[in-house]
Structure formats: structure tokens, C-alpha cells
Amino acid sequence: MIRVLTKEFNSFLNSLIAYVVIGVFLTGIGLLMWVFPETSVLDYGYADMDTLFSLGPYVFIFLIPAITMRSFAEERKSGTMELLLTKPLTDWDIVLGKFLACFLLVLFALIPTIIYYFSIRALGNPAGNIDTPGVIGSYVGIALLAGIFCSVGIVASSITSNQIVAFILAAFLCFLVFSGFESISTLNVWSSNTLFIKQLGILYHYEALSKGLIDSRDVIYFVSVGALMLLISKTILSARSW
Amino acid sequence: MRVVDKARKGSLQNMSLVVKNLLKQYGSQKAVNNISFQVEAGEIVGFLGPNGAGKSTTMKIATGYVPPTSGEVSVAGFDVTAQPLEVKKVTGYLPEHNPLYTDMFVHEYLQFIGKLYGMTGKHLKERVAEMVDLCGLTVEQNKKIETLSKGYRQRVGLAQALIHNPKVLILDEPTTGLDPNQILEIRSLIKNISKNKTVIFSTHIMQEVSALCDRVIVINKGELVADDSLSNLMRSQGKQVSLIAEFEGVVTEAQLSGIEGVEKVVKLEQSKFRIYPKTGVDVRPEVFRFAADRKLSLLGLRQEEGSLENIFRELTAKQEA
């Protein structure tokens with residue numbers, strides 16, 4: 001698994017993907033946080049990082065599928081899947097290695113935003129007036145969310161050999177699990193099941209975490225959705241139905 | 001007709017590859033239909049058949065890439081479905097189109113593959129250097145794979161299949177698409193490395209088989225049509241040796257058929273005949289005497305060995321009839 005992970009991560013670094021992803025994410029988020037008046041912390045007047053945590057997921061919906069789309073689709077197209085599958089690796093080694101490489105890259109993009117925390121902390125009046133537990137909870141939430149998005153992207157990539165199809169499918173599925181359930185629950189047909197539908201989506205759990213309360217139920221939700229997605233990819237890989 | 005050497009038996013422990021009643025079905029199409037054969041340790045076996053005969057499918061099953069529909073395949077004593085990891089550890093595989101991570105450097109690629117087989121540190125470095133040397137990649141070793149020519153890519157493919165010193169080497173059409181010089185180089189490379197290894201390679205070029213190995217397995221349309229040594233195959237095909245005789249004067253087929261040891265006579269042109277002798281009989285002296293007795297001039301007498309192509313064509317055509 002580690003070997004697949006290293007190889008995947010190295011190929012991100014060697015092919016500019018890593019730099020583009022980190023660069024675009026930080027530029028985009030940086031502009032939203034500090035420059036554009038509509039979302040800028042400086043104009044907002046409150047010392048919090050809501051801009052990052054509320055807009056970050058939408059940036060991820062486009063960015064993460066772009067990272068994951070090649071993972072299986074490219075290998076399948078170029079035939080290297082055959083190479084990998086005839087090496088002494090289990091299917092789990094391959095799926096987890098690829099998933100962790102993508103996840104790690106997203107985390108690397110996220111880490112520099114910790115500077116924002118210290119900036120806002122210093123800018124607060126009085127200095128240090130920031131909801132630290134809320135920020136920590138939000139970071140945990142956004143990291144877990146990125147994990148789900150990566151696993152969804154891996155599934156999308158494992159069912160097709162076309163990278164564009166993988167990208168679009170992954171973006172759509174990420175959107176669906178992120179806020180789709182929330183939107184569906186607003187339909188006036190669920191009567192008492194509204195809350196249940198809402199709880200199926202990420203947004204419900206993500207908002208709970210961003211309040212700073214790391215509830216085990218929310219964490220279990222994130223982990224189990226991610227695990228389910230990876231199980232699906234592994235099953236698709238084992239079926240070798242291409 | 002099946003030409004199966006029944007005398008070839010040995011203990012199962014000694015077998016590098018055992019295929020038993022292998023069946024692979026894609027939908028209603030049988031890619032491999034009930035094939036059984038065994039390969040002993042240390043043998044080089046040519047796997048022969050026209051395109052789409054099921055060679056690649058059989059190899060893919062033996063390497064654990066594709067699961068069989070039914071039947072058993074074991075490599076070096078490990079079953080491919082029950083112990084896939086063990087099988088993959090002891091086999092080196094060069095897939096048909098030689099897929100490579102083209103964005104990697106040759107060295108980097110070989111190291112990656114070596115690591116997948118659990119090699120580390122100094123041992124890995126030594127092995128990579130050894131492979132670069134063995135496969136003639138010394139000049140190209142610091143280039144990106146995408147910049148290499150087809151022949152060199154094939155060498156990289158071979159190097160990755162060999163890096164862990166596998167007991168069984170499975171090569172799927174290792175020389176396709178190469179120019180004649182490269183074909184010779186790759187062949188001699190295979191010959192070199194095949195010492196104390198079991199090598200199974202597929203091809204549809206007959207010369208390759210005679211150049212590399214003495215045992216041939218021929219499959220056609222998913223069926224095993226021959227499994228024998230090359231010389232046995234030539235002999236058992238019987239009519240492989242023939243004489244072309246040309247006379248001055250009138251000779252009939254019936255007269256020639258009367259010669260002792262002649263099996264069949266075919267008229268090619270006016271007084272030019274192809275004579276098939278009975279197996280193992282040299283009828284040339286008899287034909288000469290025949291001409292002398294009748295005061296005919298013998299203009300030409302030429303013996304023709306059955307070509308490998310003919311055997312191949314005959315074996316693979318029979319299924320269609």
C-alpha cells in the first residue's frame with residue numbers, strides 16, 4: 001500500500017498536478033478570504049474563518065475530482081492496470097494507496113491556510129478573540145469532507161476509462177452527497193422523515209462539527225461513508241469486468 | 001486431431017505450470033475451451049496460435065489478472081484463485097502491449113517495480129543495476145520511458161518482469177512490432193535469461209519457436225490442438241518430407257505410385273510430380289532406379305522439408321473444416 005501511495009504521490013509531484021492544485025486552491029481561497037469585498041474577512045467585521053469553511057467545500061467539489069479522475073481511468077486506458085494487478089499487491093493495497101495519495105495532496109493544500117487562523121487571531125479586537133475550538137472542529141470537518149470527496153472521486157474513476165467522464169461524475173456525486181440531500185429534504189413530500197434525509201448528507205454533519213463540538217456520531221458518519229465508497233471501488237476493481 | 005504427448009508425466013511438485021480443464025467464457029463466447037497442459041520446471045515452451053486463439057487469455061489467467069470461469073491453474077504449486085499473491089510473487093509477466101508508466105525514468109520505474117516485490121535498499125539497487133546491464137539498457141537508463149524506442153521499451157518490460165528473479169516467466173508476444181534486428185536481440189536476451197527458469201512465451205511466428213525452444217503448445221479457437229516437441233510435431237505430421245521429381249518423357253502417377261515406399265503422388269505439371277514417401281523412408285534411390293530402368297532422364301530430384309508454416313497452417317486450419 002505504502003509503495004502505491006508513494007508512487008502516486010510522486011507522480012503528482014512530477015506532473016505539476018500537485019503544484020497546480022495547491023496553487024489554485026490557495027489563490028482562490030486567499031482571494032475570497034482577503035480581497036473580494038463580498039466575502040472578505042476584513043470587510044466582514046467578525047474575526048472568524050467562516051469564508052474558508054463555507055466556500056472551501058465548493059472549491060473542493062471541482063478540485064478533488066480533478067485530482068482523483070486519473071487514478072484508475074488513466075491506468076486502465078494505458079493498460080498499466082494489468083501491470084499493477086499482476087504484481088503481488090492486494091486490491092485493497094491499490095485502492096487505499098491511490099485514495100491516500102489524493103487525500104494527502106488535499107491535506108497539503110489545506111495546511112497553509114492555518115496561517116489565516118493566526119492572522120485573524122492577531123487582527124481580532126482584542127487580539128486573540130477567535131473561536132479556537134470552532135476552528136479546530138471546522139478543520140476536522142473539512143479534512144473529513146475532503147476524505148469523502150476523494151473516495152467518491154476514486155469510485156468515479158474506477159468505473160470508467162475516460163477521465164472526463166470520471167471528473168464530471170465525481171463532481172456531481174460530491175455535490176449530491178454534500179448538499180444534495182439537504183436540498184432534497186426541503187421537498188414537501190417527506191413529512192416526518194425530513195431530518196433523516198438531511199442526516200444522509202454531509203452538510204448536516206459538517207455544520208455540526210464546525211460549531212466546535214466533535215461528536216463521535218458525525219465522525220462515524222464521515223468515516224463510514226468514505227469506507228463504503230472505497231469498498232465499492234475495491235469491488236469494482238475485483239470484478240475486473242473491463 | 002490432437003497431438004498430445006502422453007508420456008510426459010512427472011510429479012506435480014516439479015511442475016511450474018499446471019492447467020487443468022481451463023475454461024474462460026466471455027458472454028456466450030468461449031475464449032478458452034477446456035484446455036489442459038503442464039509445463040515442467042526449467043522448460044521453455046512456445047505458445048502458438050493465430051490471433052484471437054486464446055493465448056493471451058490463458059496467460060492472463062495464469063498471472064492472476066483474469067479469473068477463470070472454471071478449471072484449475074497453478075503456478076509453481078500455488079493455485080491462482082486461492083493463493084494469488086504467492087503466484088504473483090513467483091511469476092514475471094510481460095503483458096501483450098507492454099504497458100509502462102511512460103512518465104517515469106527507466107531507473108525510477110525499475111525501482112518502483114522492485115519495491116512492489118518487497119525489495120529494499122542495497123539489494124534493490126543491485127538488482128536494478130543488474131537488470132539494466134542484462135537487458136542492455138545502460139545507455140538509456142537515465143531517460144524517460146516515453147522517449148525510448150519500441151525495442152528499448154520492450155527491454156524495460158523484460159527487465160521489470162525479471163527484477164525479482166522469478167521462477168516462472170510469462171511473456172505475451174515479446175517480439176511483436178519490433179524490427180528484425182530487435183527481434184533477434186530480444187530473442188537472444190530471452191535465451192540468455194531462460195537458464196534455470198521456466199519460460200512460457202506466446203507468438204504467432206513459427207521461426208521464433210524453433211529459435212528458442214523445443215516444445216510447442218498450439219491452440220486454436222480456444223482449443224488445444226497440439227502439445228509436443230517440435231521434432232515430434234514434424235514427424236507426426238508425416239507428409240512433411242516430400243520429393244519433387246521431374247522427368248523427361250511420359251510418366252504417369254500410377255507408375256510412380258508403384259515405387260516401393262511411396263505413399264502418395266501428386267502431379268504438379270506435365271511430368272513433374274510431388275512424391276510423398278512413407279514416414280521415415282528415403283525413396284530417392286528408388287526413384288532414380290525407376291527412371292534408369294525405364295531409360296527416362298531424371299531432370300530434377302529435390303527433397304523438401306515440411307516448413308513450420310505448413311504445420312502451423314495445417315494444425316490451425318483443421319478446426320475450421
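Quick summary incoming for the structure in this document. Just so we're clear, the structure is a prediction, and the values are computed from it rather than from any experiment.

### Quick look at the environment of A:L195
With respect to the helices, strands and loops of the structure, A:L195 is situated in helix α11 (residues 194–200). Taking the C-alpha atoms as reference, A:L195 lies 9.2 Å from A:E182; in sequence the two are 13 residues apart.

### Some words on the packing of aromatic side chains
Counted according to the given criterion, the structure contains 15 aromatic pairs over all chains. An aromatic cluster of three or more residues is present, and its members are A:Y58, A:F149, A:F178 and A:Y206. Its guanidinium or amino end placed over the ring of B:Y101, A:K7 lies 3.9 Å from that ring's centre, counting from NZ or CZ.

### Concerning helix α4 (residues 121–134) of chain B
Residues and elements named next belong to chain B. An ideal rise of 1.5 Å per residue puts 20 Å on 14 residues; α4 measures up with 20 Å between its terminal C-alpha atoms. Those residues of α4 that sit buried are L124, R127, V128, M131 and V132. The arc that holds every buried residue of α4, seen down its axis, measures 135°, which confines them to one face. Pointing more than 90 degrees away from the buried face of α4 are the exposed residues K122, K125 and D133. Taken together, the buried residues of α4 touch α3 (106–116) and α5 (150–162).

### Re the side chain of A:S158
Counting through the fold element by element, A:S158 comes out in helix α9 (residues 132–158). Not counting the four nearest positions on each side in its chain, A:S158 is found in contact with A:F72, A:R76, A:S233 and A:I236.

### Structural notes on the nonpolar core
Counting residues in each nonpolar core, the largest one holds 142 residues, and the members touching the most others are A:M49, A:F60, A:F149, A:I202 and B:Y109. Residue contributions to this core peak at 11 residues, all from α9(A). Residues in contact with B:Y109, not counting those within four places in the same chain, are A:L83, B:P99, B:L100, B:Y101, B:M104, B:I145, B:V156 and B:Q160. In this structure, B:L243, B:F247, B:V265 and B:F290 belong to the second largest nonpolar core, which totals 15 residues.

### Quick look at unusual backbone geometry
Residue and element names in this part refer to chain B. Positive phi values are uncommon outside glycine, yet K221 reaches one of about 50°. With respect to the secondary-structure elements, K221 resides in the loop between β10 (215–220) and β11 (223–229). Taking the relative accessible area as the measure of exposure, K221 reaches 49% and is therefore partly exposed. For K295, which is not a glycine, the phi torsion comes out positive at approximately 55°. Mapped onto the fold, K295 is located in the loop between α10 (284–293) and β15 (297–304).

### What to know about the interface of chain B and chain A
Opposite the 23 residues of chain B that make contact, chain A presents 20 residues. Both faces combined, the contact of chain B with chain A buries some 2,100 Å², and carbon together with sulfur accounts for 65% of it. There are 6 residue pairs in polar contact (both at pLDDT 80 or more) connecting chain B and chain A. Looking at the side of chain B that touches chain A element by element, the count peaks at 6 residues for α3(B). Looking at the side of chain B that touches chain A residue by residue, the class counts come to 13 nonpolar, 4 polar and 6 charged.

### Re the packing of helix α12 (residues 202–210) of chain A against helix α13 (residues 216–239) of chain A
Residue and element names in this part refer to chain A. Where α12 meets α13, the closest approach of the two axes is 10 Å, and the angle between their N-to-C directions is 140°. With respect to α13, the axis of α12 lies oblique. For the element pair α12 and α13, the recorded crossing hand is left-handed. In this structure, α12 contributes I202, H205, Y206, A208 and L209 to the contact, and α13 contributes D218, Y221 and F222.

### Thoughts on a nonpolar patch on the surface
Residues and elements named next belong to chain A. A grouping of L13, L16, Y19, V20 and V24 is seen on the molecular surface, where their side chains present a nonpolar patch of about 460 Å² in accessible area. Sorting elements by how many residues they give to the nonpolar patch places helix α2 (residues 17–35) first, with 3 residues. Mapped onto the secondary structure, Y19 falls in helix α2. Classification of Y19 by relative accessible area gives partly exposed; the value is 48%.

### Section: the sheet that holds strand β2 (residues 15–26) of chain B
Residues and elements named next belong to chain B. Reading across from one edge, β3-β2-β5-β6 is the order of the 4 strands in this open sheet, with antiparallel pairing throughout. Since the sheet does not close on itself, it has two edges, and those belong to β3 (29–40) and β6 (78–79), each with one partner. As defined by bridge partners, β2 adjoins strand β5 (residues 70–75) across 5 bridges and the pair is classed as antiparallel. The residue bridging L23 from the neighbouring strand is S70, located in β5. Across the sheet, helix α1 (residues 55–62) lies against β2, β3 and β5, angled at about 120° from β2, the strand it touches most.

### Some remarks on the pairing of strand β7 (residues 91–94) of chain B
Every regular strand shows the same layout, with side chains that alternate between the two sheet faces. Residue and element names in this part refer to chain B. Because side chains alternate across β7, one face comprises the buried residues T91 and Y93, and the other comprises G92 and L94, equally buried. Where β7 and strand β8 (residues 168–172) come together, 4 bridges link them in parallel fashion. Of the residues in β8, the one forming a bridge with L94 is L171.

### Considering the pattern of salt bridges
When charged atoms on two side chains of opposite charge get close, those side chains can pair. Taken as a whole and assessed by the stated rule, the structure comprises 14 salt bridges over all chains. One salt bridge connects A:E8 with A:K7, and the closest N-O pair in it is separated by 3.1 Å. The exposure class of A:E8 is buried, given its relative accessible area of 2%. Exposure remark for A:K7: the relative accessible area of 8% places this residue in the buried category. The closest approach of N and O atoms between B:E130 and B:R127, which form a salt bridge, is 2.9 Å. In this pair, B:E130 and B:R127 are both assigned in helix α4, 3 residues apart and thus about one turn of the helix distant. The exposure class assigned to B:E130 is partly exposed, which follows from its relative accessible area of 43%. The exposure class of B:R127 is buried, given its relative accessible area of 12%.

Procedures and definitions
Residue indices follow the written sequence of each chain, beginning from 1 at its first position. In the order they appear in the text, chains get letters beginning with A and ligands get numbers beginning with 1. Whole-chain, interface and lining totals are the exception, using all residues; otherwise, since this is a predicted model, local features are given only for residues with pLDDT of at least 70 and side-chain atom pairs are given and counted only at 80 or more. Excluding hydrogens and water, the side-chain figures rest on all heavy atoms present in the structure. By definition, any uninterrupted DSSP run of H or I lasting at least four residues is a helix, any uninterrupted run of E lasting at least two residues is a strand, and each is numbered from the N terminus. In this analysis, rings of Phe, Tyr and Trp, with Trp reduced to its six-membered ring, are considered paired at centre separations within 6.5 Å, and the interplanar angle assigns stacked below 30 degrees, edge-to-face beyond 60, and tilted for intermediate values. Two conditions define a charge located above a ring, namely a distance within 6 Å from the ring centre to NZ of Lys or CZ of Arg, and an angle within 35 degrees of the ring normal. Here the expected length of a helix is defined as 1.5 Å per residue gap, with one fewer gap than residues. Exposure classes here rest on a 1.4 Å probe applied to the protein chains alone. A residue is buried below 20% of its type maximum, exposed above 50%, and partly exposed in between. Each C-beta atom gives one direction from the helix axis, and the arc is the one those directions make. Note on contacts: a residue pair qualifies if any of its non-hydrogen atoms lie within 4.5 Å across the two residues. Residues belong to one nonpolar core when they are buried, are Ala, Val, Leu, Ile, Met, Phe, Trp, Tyr or Cys, and are joined through side-chain atoms within 4.5 Å. Buried area: the accessible surface (1.4 Å probe) lost by two parts on joining, summed over both. Counted as a polar contact is a pair of N or O atoms within 3.5 Å, where, for protein atoms, one must be capable of donating a hydrogen and the other of accepting one, and residues adjacent in sequence contribute only when both atoms are in side chains. The classification used treats Ala, Val, Leu, Ile, Met, Phe, Trp, Tyr, Cys and Pro as nonpolar, Asp, Glu, Lys and Arg as charged, and all other residues, Gly among them, as polar. Angular values range over 0 to 180 degrees, each being the angle between N-to-C directions of two axes fitted as lines to C-alpha atoms, with helices fitted over their stretch in contact. Angles are sorted into four bins: roughly parallel if under 35 degrees, roughly antiparallel if over 145, roughly perpendicular if 65 to 115, and oblique for all others. Throughout, a crossing is termed right-handed when the near helix is turned clockwise from the far one, and left-handed when it is turned anticlockwise from it by less than a right angle. A patch consists of residues whose relative accessible area exceeds 30% and which take part in no salt bridge; residues with like charges are grouped when within 9 Å of each other, and nonpolar side chains (Val, Leu, Ile, Met, Phe, Trp, Tyr) when within 5 Å. Here the open area of atoms and residues is found with the Shrake-Rupley method and a 1.4 Å probe, where only the protein chains shown may cover a residue. Basic side-chain nitrogens of Lys or Arg form a salt bridge, by our definition, when they fall within 4 Å of a carboxyl oxygen of Asp or Glu. Two strands form a pair only when DSSP identifies at least two bridges running between them.

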